[in-house]
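Notes for the structure review
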Amino acid sequence: MGCVSFLTDYGLGDGFVAACHGVLLRHAPDVRIIDISHLVPAGDVRRGSVVLAQTVGHLPPAVHLAVVDPGVGTSRRALVVSAPRGVLVGPDNGLLPPAADVLGGVRAAVALAVPDGVPATFHGRDVFAPAAAAVAAGRDPAALGEQVDPGGLVRLPPPVARLVVDADPAAAAAAEAGVNAAAAAVAVEAEAEVVTVDTYGNVQVAADAALLASAGMRPGHLLRVAVGASVTTAVFGVTFASVAPDELVVYVDSAGLVALAVNRGSAARRLAVTAGDLLRLSAGRPAPS
Amino acid sequence: MGCVSFLTDYGLGDGFVAACHGVLLRHAPDVRIIDISHLVPAGDVRRGSVVLAQTVGHLPPAVHLAVVDPGVGTSRRALVVSAPRGVLVGPDNGLLPPAADVLGGVRAAVALAVPDGVPATFHGRDVFAPAAAAVAAGRDPAALGEQVDPGGLVRLPPPVARLVVDADPAAAAAAEAGVNAAAAAVAVEAEAEVVTVDTYGNVQVAADAALLASAGMRPGHLLRVAVGASVTTAVFGVTFASVAPDELVVYVDSAGLVALAVNRGSAARRLAVTAGDLLRLSAGRPAPS
Amino acid sequence: MGCVSFLTDYGLGDGFVAACHGVLLRHAPDVRIIDISHLVPAGDVRRGSVVLAQTVGHLPPAVHLAVVDPGVGTSRRALVVSAPRGVLVGPDNGLLPPAADVLGGVRAAVALAVPDGVPATFHGRDVFAPAAAAVAAGRDPAALGEQVDPGGLVRLPPPVARLVVDADPAAAAAAEAGVNAAAAAVAVEAEAEVVTVDTYGNVQVAADAALLASAGMRPGHLLRVAVGASVTTAVFGVTFASVAPDELVVYVDSAGLVALAVNRGSAARRLAVTAGDLLRLSAGRPAPS
């Protein structure tokens, strides 16, 4: 019995998800289906790719069917991507590669032919689900379409995550002049793009703990958190309740990335950020404890 | 192992759906459940009937349990409806017949007795789910209640879909006078009721491609789209990306009906329409390309 | 094949629920999963406990995995609670005991050890789901952790449900003076806390039919409904359509508790109440029929 995971932007109000379940079960009656999410915002390929990539590693061996596909019915390719620890099925628009990387990297890919007479707006049901069911039922992905160059798959640009010199003029000048090594170290910031905001309003950024450490930020310390011209502070803790209710905490989240939360509140609202925004984190020098 | 599909207006925030799953599994432990949707707006029988009818054809052979039931606990009948390609269980309020038609038409129907002592507000759990489980487990629907006349089931009025003479006075006059056949042909509009609006804001109307063709509308042409006194134009394309982002497109959707979408946007918002509203489509004469 | 029910405040937009499904299926491949709800408001332990307690009784024998856990990663205990008719797994914060009571009462409980190196923010995936899978796969809960005193589990205070003397000065005075037994009886009110508001806006309170009867309220009668200084009336009916559309009805709901609904509307909006608010119900003396 195979397993198929399923992620889309179809929402839960229509019968679209069920129609795909139906197609899967008609082609592979014993398949086990795990719905990852169907609430990806309409057409938000990046958000879909993030949710998919951060989930597949926790699932049993599976065919991962993912459809966030604003280009449905156009010439964008329909893919089956094979990785060492799973197979992915979906459009060639950047949705699949991050998850394929989690599963060991793209080893091979085929482009599915779109059968004549198929409606141009529901390839999830009519193209991708039948292919996923075929693979789950044991068919060789290579038999489903034409081989394509794994290096030629569409990939989204990686999110920003880098060390930068603090924009604070005095510190930056000291760092650049190199007159004071300590001041220079202190002046380094981690600049990181918001990868995603979860249901609680927790803000995950593209940095990991190592990046923070290389900029002198240590667990237990107070950090400086800047978004544009707006600056606040947060304890570098381990969980939501590392700080008092309504306070901001920086922690390493369950996906291994740096995140910010407000205990019993929403960090996304507090910081007024959304996916794609840039945060700058640094060791908080003038730390009012 | 039988299959039960399940559609309600119960929402996903309470335990109502799970309680019904529990009843199904207690009565039929090996049944496969496919949730169609539980986000039908509260009491919106017409919306429920549309989602159900447009989904059942894509599912494996199944018992379709559907409960949108504002009259629960009153004298409205509780039905098991048999069709050539499936069985439907739910209230006699118009919810089931369109899906039964998709499955080959109502062949027989029985009215379920409501057991004494059952709460008057949760027949999904206490009346319908046990009946669906019984049929899924192999029981003959005829044994579950009293035969009722298939012709006597409550049916909602069908949505409007017709050809009309254009309200434009000059064109209408020409058409009525019959002085100019070409003008008359041009003056014909397809008037169609909005059947449903999906999660993307795509607007599905009760017309099919043949109705548009009979009013002179051809794929690739620019169409005139009128809602009340408000008029706009749209390309008759094949998919969302047949037009530039933020532009309106008319297409034949995956259910075989005419629909309107805004590429990467919401046609329902653009046109300010909702289910039940009337649209008028016609071949766009003064077509600014 | 075991059965696991699953309730959280994870929402449906992220991959959190699926990651837990994945863990369950990796540890117990044949387990049947019933999702109760994942839309418990973030951190709302009381709401989670109500939905869980009102659902488990309708499910097959199961391990009930429930995670609404604002204290994740702190010293709050992680529990496996055994009851005569089921096992519950989740945090020691009041979430589980009401459901355990429905399943026959807490017979034994163990505290799970949190493995080293586990992220501090996703015990649903890393601590609770593996424990639930182990029990579903046949492991003895007692083998999973250290026995703890069942009497020492955190419990939320029970909701208010009591008879009180009417706040109406004249009636209260009569009742207190005891000069008029009939007046005194009439002056008794049932004061009850709102337990929960469902997806329809139906308002469930902590009273049962017996409490209403002991305050002289009978089915079919008109009741007085007070919230703070605001007073209205409602028929004591049996279902939503016991009253005309847009009218308020009091009834005994499918969980056996007194509830208020507006036929085809929202009682929560009409009464402007939410969970935790107090309602006062009494036999309606000056009853304009």
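Note that the structure is predicted; figures quoted are calculated from it, not measured.

**Digging into the overall build of chain A**
When its secondary structure is counted, chain A shows eight helices and 15 strands. Seen along its three principal axes, the alpha-carbon backbone of chain A occupies a region of about 70 × 40 × 30 Å. Across the 289 residues that make up chain A, the buried fraction comes to 57%. The contacts in chain A between residues at least 6 apart in sequence include a share of 65% that link residues at least 24 apart.

**Digging into the packing of aromatic side chains**
Enumeration according to the criterion identifies 14 aromatic pairs over all chains in this entry. Relative to Phe-16 of chain B, the ring of Tyr-10 of chain B has its centre 6.1 Å away and its plane inclined at 80°; by these criteria the two rings are edge-to-face.

**Details of the relation of the copies chain B and chain A**
When chain B is brought onto chain A, the operation consists of a screw motion whose angular component is 120° and whose axial shift is 0.0 Å, with 0.0 Å RMSD remaining. Between the two chains, the operation in question is that of a three-fold axis. Residues of chain B ranked by C-alpha distance from the rotation axis are headed by Leu-12 of chain B, positioned 5.6 Å from it. An overlap of only 8% is found between the interface residues of chain B and their copies at the interface of chain A, pointing to separate contact surfaces.

**What about the sheet that holds strand S7 (residues 145–148) of chain A?**
Two strands in a sheet stick together by hydrogen bonds in their backbones, pointing the same way (parallel) or opposite ways (antiparallel). Residue and element names in this part refer to chain A. Sheet architecture is open: seven strands sit in the order S2-S1-S3-S5-S4-S6-S7, paired in mixed fashion. Strands with a single pairing partner mark the edges of an open sheet, and in this sheet they are strand S2 (32–37) and S7. This sheet shows a mean twist of 25° between the axes of neighbouring strands, independent of strand direction. Across five bridges, the pairing between strand S1 (residues 3–8) and S2 is parallel. In the strand pairing of S2, Leu-7 is matched with Ser-37.

**Some thoughts on the confidence of the model for chain A**
The predicted coordinates of low-pLDDT regions are not to be read in fine detail. Within chain A, residue pLDDT values average 93, and 90% of them lie at 70 or more. Interface predicted TM-score (ipTM) for the complex: 0.93; the corresponding pTM is 0.93.

**Here we look at the interface of chain B and chain A**
When the parts of a complex come together, some accessible area is lost, and that lost area is often taken as the interface size. Contacts between the two partners involve 26 residues from chain B, matched on the other side by 30 residues from chain A. Where chain B abuts chain A, roughly 2200 Å² becomes buried across the two surfaces, and 58% of that area is made up of carbon and sulfur atoms. Counting the surface chain B buries against chain A, the share from its top three residues, Arg-32, His-58 and Tyr-200 of chain B, is 27%. In this structure, the connection of chain B to chain A is made through one salt bridge. Joining chain B to chain A, the criterion identifies 12 residue pairs in polar contact (both at pLDDT 80 or more). Here the side of chain B that touches chain A takes five residues from strand S2 (residues 32–37) of chain B, the largest share from any one element. Here the side of chain B that touches chain A is composed, by residue class, of 13 nonpolar, seven polar and six charged.

**With respect to the relation of the copies chain C and chain A**
Least-squares fitting of chain C to chain A yields an RMSD of 0.0 Å, with the superposition described by an axial translation of 0.0 Å and a rotation of 120°. By residue overlap, the copies meet through two different surfaces: only 7% of the interface positions of chain C are interface positions in chain A.

**What to know about unusual backbone geometry**
Residue and element names in this part refer to chain C. We note that Asp-246 has phi near 80°; this positive angle belongs to a residue other than glycine. Phi is positive for Ala-272, close to 55°, though the residue is something other than glycine. Mapped onto the secondary structure, Ala-272 falls in the loop between helix H8 (267–271) and strand S15 (278–283).

**Let's talk about the pattern of salt bridges**
Here the structure, examined in full by the defined rule, presents 27 salt bridges over all chains. For Arg-125 of chain A, the salt bridge identified is with Asp-126 of chain A, shortest N-O distance 2.8 Å. Asp-126 of chain A carries the same exposure label as Arg-125 of chain A, and that label is buried. Here Arg-280 of chain C makes a salt bridge to Glu-189 of chain C, at a shortest N to O gap of 3.0 Å. Separated by 91 residues along the polypeptide, Arg-280 of chain C in strand S15 and Glu-189 of chain C in strand S9 (residues 188–197) bring together distant segments of the chain. Given a relative accessible area of 15%, Arg-280 of chain C falls into the buried group. Bridged by salt links that share partners, the residues Glu-189, Arg-224 and Arg-280 of chain A form one connected network.

**Points about the packing of helix H1 (residues 16–27) of chain A against helix H4 (residues 123–136) of chain A**
The angle between the axes and the distance between the axes are what describe a pair of packed helices. Residues and elements named next belong to chain A. Viewed as axis vectors pointing N to C, H1 and H4 meet at an angle of 40°, and their least axial separation amounts to 9 Å. As judged from the angle between their axes, H1 and H4 are oblique. The handedness of the crossing between H1 and H4 comes out as right-handed. Touching Ala-19, Cys-20, Val-23, Leu-24 and His-27 of H1 are Gly-124, Arg-125, Ala-129, Pro-130, Ala-132 and Ala-133, all from H4. Within the contact of H1 with H4, the residues separate by chemical class into eight nonpolar, two polar and one charged.

**As for the interface of chain C and chain A**
At the interface, 30 residues of chain C touch 26 residues of chain A. Taken together, both faces of the contact between chain C and chain A bury some 2200 Å²; the carbon and sulfur share is 58%. Seen at the junction of chain C and chain A, the total is one salt bridge. As a salt-bridge pair, Asp-14 of chain C and Arg-47 of chain A come within 2.8 Å of each other at their nearest N and O atoms. Viewed at the interface, chain A and chain C are joined by 12 residue pairs in polar contact (both at pLDDT 80 or more). When residues of the side of chain C that touches chain A are assigned to their parent elements, the largest contribution, eight residues, is made by helix H1 (residues 16–27) of chain C. A breakdown of the residues in the side of chain C that touches chain A according to their chemical character gives 16 nonpolar, eight polar and six charged.

Cut-off values and rules
- Residues numbered from 1 in each chain as written.
- Chains lettered and ligands numbered in written order.
- Predicted model: local features only at pLDDT ≥ 70, side-chain atom pairs only at ≥ 80, totals over all residues.
- Heavy atoms only, no water.
- Helix = DSSP H or I, 4+ residues; strand = E, 2+ residues; numbered from the N terminus.
- Buried < 20%, exposed > 50% of the residue type's maximum accessible area, 1.4 Å probe, protein only.
- Contact = heavy atoms within 4.5 Å.
- Phe/Tyr/Trp six-rings, centres within 6.5 Å; stacked < 30°, edge-to-face > 60°.
- Least-squares fit on C-alpha atoms with pLDDT ≥ 70 in both.
- Pairing = 2+ DSSP bridges.
- Axes fitted to C-alpha atoms, helices over the stretch in contact; angles between N-to-C directions.
- pLDDT = per-residue confidence, 0-100.
- Buried area = accessible area lost by both parts, 1.4 Å probe.
- Salt bridge = Lys/Arg side-chain N within 4 Å of Asp/Glu carboxyl O.
- Polar contact = N/O pair within 3.5 Å; in protein donor to acceptor, adjacent residues only side chain to side chain.
- Nonpolar A, V, L, I, M, F, W, Y, C, P; charged D, E, K, R; others polar.
- Parallel < 35°, antiparallel > 145°, perpendicular 65-115°, else oblique.
- Left-handed = near helix turned anticlockwise from the far one by under 90°.

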